Amino acid sequence: GAWSLGAALDRAAAALEATPDYGCREIIVAASNLATRDAASLAAVEARLKAGNVRVHVVHLAAESFVVRAVAERSRGSFAVALDRAHLDRLLARRVPPPAFDAA
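This write-up is about the structure you can find in this document.

A word on the environment of Leu16. With respect to the element layout, Leu16 can be found in helix 1 (residues 5-16). Assessed through its relative accessible area of 17%, Leu16 is described here as buried. When the C-alpha atoms of Leu16 and Glu73 are compared, they prove to be 19 Å apart, with 57 residues separating the residues in sequence. Not counting chain neighbours up to four residues away, the residues in contact with Leu16 comprise Arg25, Glu26, Ile27 and Val54.

Turning our eyes to something else, we now look at the packing of helix 1 against helix 2 (residues 43-51). One way to put it is that helix 1 packs onto helix 2 with a least axis distance of 10 Å and a crossing angle of 25°. In terms of orientation, helix 1 and helix 2 fall into the roughly parallel class. The chirality of how helix 1 crosses helix 2 is left-handed. Mapping the contact onto sequence places Gly6, Leu9, Asp10, Ala13 and Ala14 in helix 1 and Val45, Arg48 and Leu49 in helix 2. Class assignment for the residues of the contact of helix 1 with helix 2 results in five nonpolar, one polar and two charged.

In this section: the side chain of His60. By the element assignment, His60 lies in strand 2 (residues 55-60). On the accessibility criterion, His60 (0% relative accessible area) is buried. Side-chain polar atoms of His60 contact the backbone oxygen of Ala63, separated by 3.1 Å. When residues no more than four places from it in sequence are discounted, the contact partners of His60 are Ala31, Ser32, Asn33, Leu34, Phe79, Ala80, Val81 and Ala82.

Mapped onto the elements of the fold, Ser65 is located in the loop between strand 2 and helix 3 (66-74). Given the relative accessible area of 11%, Ser65 is considered buried. Excluding residues within four positions of it along the chain, Ser65 makes contact with Leu34 and Phe79.

Our next topic: the nonpolar core. With 18 residues, the main nonpolar core has Leu5, Leu9, Ile27, Val29, Leu49, Val56 and Val58 as its most contacted residues. A total of four residues in this core trace back to one element, the largest contributor, which is helix 1. Excluding residues that lie within four positions of it along the chain, Val56 makes contacts with Leu9, Ile27, Val29, Leu49, Ala72, Ser75, Gly77 and Ser78.

Parameters at a glance
- Residues numbered from 1 in each chain as written.
- Predicted model: local features only at pLDDT ≥ 70, side-chain atom pairs only at ≥ 80, totals over all residues.
- Heavy atoms only, no water.
- Helix = DSSP H or I, 4+ residues; strand = E, 2+ residues; numbered from the N terminus.
- Buried < 20%, exposed > 50% of the residue type's maximum accessible area, 1.4 Å probe, protein only.
- Contact = heavy atoms within 4.5 Å.
- Axes fitted to C-alpha atoms, helices over the stretch in contact; angles between N-to-C directions.
- Parallel < 35°, antiparallel > 145°, perpendicular 65-115°, else oblique.
- Left-handed = near helix turned anticlockwise from the far one by under 90°.
- Nonpolar A, V, L, I, M, F, W, Y, C, P; charged D, E, K, R; others polar.
- Polar contact = N/O pair within 3.5 Å; in protein donor to acceptor, adjacent residues only side chain to side chain.
- Core = buried A, V, L, I, M, F, W, Y, C linked by side-chain atoms within 4.5 Å.

Below, the structure written as structure tokens:
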């Protein structure tokens, strides 16, 4: 079924608001849908992510989605499509160590 990227990111961003400034705020999304069920623009959610300094990393299991990739890149996160199980494991393992801290 279709999913709501906006609702998922909004809930995750709300959960990360309590993270101290020195903490790492990242959302990892594993998705397989080719469409989202977002009625409105994702601009408000993206603004919340930017204000909270939240990065979104997406690992897609099916194919590239322009909207999902754009959200990930605008948040200074990453987007990739897993080609097989081993590739999926490598993509997710990249997210285990926290990224270098930057004051942006």
